[in-house]
Amino acid sequence: MVKHEDGTRSRGYKLATLRTLLDRTGLLTQMAMAAIQVHDRAVCRPVLTEAPVLRAGDLLLEDRGFIDGATLSALKRQRQVDVIIPLKANMLATQEAIQLAAMANKWQPHPARADQTIALVRGVEHRWTECAVPLNAWVIRFWNKKKKCTDPIVLITTDLQLRAPWIVRHYEERPEIEQDDEQMKSGGWQLKKLSSTRESEIVFYVLTVV
């Protein structure tokens, strides 16, 4: 149970899932559980660093909420698993990539969206002190309807062989995973309705359903 700043309380647990993409379908292949107080990254870190389902040569798609330079470096160095992840706007590596892309002015068409352009920026790891492996960045420019201006998104990868269209195509498979996750939480799985706080009952319920 956790207590919020407004005095209200929430009870529950954290469930981390790792999905393997088969074509465009996510197959649940690994999971971990922890108390609700534990940060998402702390729950996921053992899954990423120890899970046997991740093998050398795999490509991991992560959300920006899981930015962790140390884990990203360990995946590349120790497990030979590459990562694609979007950077947060306030990161120095993000700002560096945007500025270098603008200076080079070598924009390419987006492989799937005619109104967007992309640009490669090599070697932005020196602006991310927690990361100890080489990184390439892809800057995506799109028209922000709310702001009424052009906005950038920066994706980085440890796979230095990936070309522009492929890094974007790979990361666009993430919505399929998010769709699966939403169905798991609010669909027929009914994981949100579990009210027990006894660990053995939670583990039994989750394993039975999953």
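Just so we're clear, the structure is a prediction, and the values are computed from it rather than from any experiment. (Residues numbered from 1 in each chain as written. Predicted model: local features only at pLDDT ≥ 70, side-chain atom pairs only at ≥ 80, totals over all residues. Heavy atoms only, no water.)

Caption draft 1: Summary view of the sheet that holds strand β5 (residues 59-61). Taking strand neighbours across the sheet as the criterion, the six strands line up as β5-β6-β10-β9-β8-β7 in an open arrangement whose pairing is mixed. The open sheet has two free edges, formed respectively by β5 and β7 (108-109), since each of these has just one partner strand. As paired strands, strand β6 (residues 82-86) and strand β10 (residues 149-157) are joined by three bridges and run antiparallel to one another. Across the sheet, residue isoleucine 84 finds its bridge partner in β10, namely threonine 157. On top of the sheet, helix α2 (residues 69-79) reaches β5, β6 and β10; it is set at about 155 degrees to β6, its chief contact. (Pairing = 2+ DSSP bridges. Helix = DSSP H or I, 4+ residues; strand = E, 2+ residues; numbered from the N terminus. Contact = heavy atoms within 4.5 Å. Axes fitted to C-alpha atoms, helices over the stretch in contact; angles between N-to-C directions.)

Caption draft 2: Expanded view of the nonpolar core. Ranked by size, the top nonpolar core spans 33 residues in total, and within it Leu72, Leu87, Trp128 and Ile156 carry the most contacts. Within the residue set of this core, elements represented by two or more residues are β3 (13-22), α1 (40-50), α2, β6, α3 (92-104), β8 (117-122), β9 (136-144) and β10. Tallying contributions element by element places α1 first for this core, with four residues. Contact partners of tryptophan 128, with chain neighbours within four places excluded, come to Ile67, Asp68, Gly69, Leu72, Leu87, Met91, Ala93, Leu135 and Ile156. Core analysis: the second largest hydrophobic core is formed by eleven residues, Trp138, Ala164, Ile167 and Val168 among them. (Core = buried A, V, L, I, M, F, W, Y, C linked by side-chain atoms within 4.5 Å. Buried < 20%, exposed > 50% of the residue type's maximum accessible area, 1.4 Å probe, protein only.)

Caption draft 3: Just helix α4 (residues 164-171), in detail. Residues Ala164, Ile167, Val168 and Tyr171 constitute the buried set of α4. The buried residues of α4 all sit within an arc of 95 degrees when viewed along its axis, so they share a single face. (Arc of directions from axis to C-beta.)

Caption draft 4: Local environment of the pattern of salt bridges. This structure, assessed with the given rule, holds five salt bridges. For aspartate 40, the salt bridge goes to lysine 14, with nearest N and O atoms at 3.0 Å. In this pair, aspartate 40 sits in helix α1 while lysine 14 sits in strand β3, placing the two residues 26 residues apart along the sequence. Assessed through its relative accessible area of 34%, aspartate 40 is described here as partly exposed. Note that lysine 76 and aspartate 82 form a salt bridge whose closest N and O atoms lie 2.7 Å from each other. (Salt bridge = Lys/Arg side-chain N within 4 Å of Asp/Glu carboxyl O.)

Caption draft 5: Summary view of the packing of aromatic side chains. One pass over the structure, following the stated rule, counts zero aromatic pairs. Over the ring of tryptophan 107 we find arginine 141, and its NZ or CZ is 3.8 Å from the ring centre. (Phe/Tyr/Trp six-rings, centres within 6.5 Å; stacked < 30°, edge-to-face > 60°. Lys NZ or Arg CZ within 6 Å of the ring centre and 35° of its normal.)

Caption draft 6: Local environment of the packing of α1 against α2. Relative orientation of the contacting elements α1 and α2 amounts to 15 degrees, with a least axis distance of 10 Å. The orientation of α1 relative to α2 falls into the category roughly parallel. Where α1 crosses over α2, the two elements pack in a sense that is right-handed. Between α1 and α2, the residues in contact are Arg45, Val47, Leu48, Thr49 and Glu50 and Thr71, Leu75 and Arg79, respectively. Here the residues of the contact of α1 with α2 are counted per class, giving three nonpolar, two polar and three charged. (Parallel < 35°, antiparallel > 145°, perpendicular 65-115°, else oblique. Left-handed = near helix turned anticlockwise from the far one by under 90°. Nonpolar A, V, L, I, M, F, W, Y, C, P; charged D, E, K, R; others polar.)

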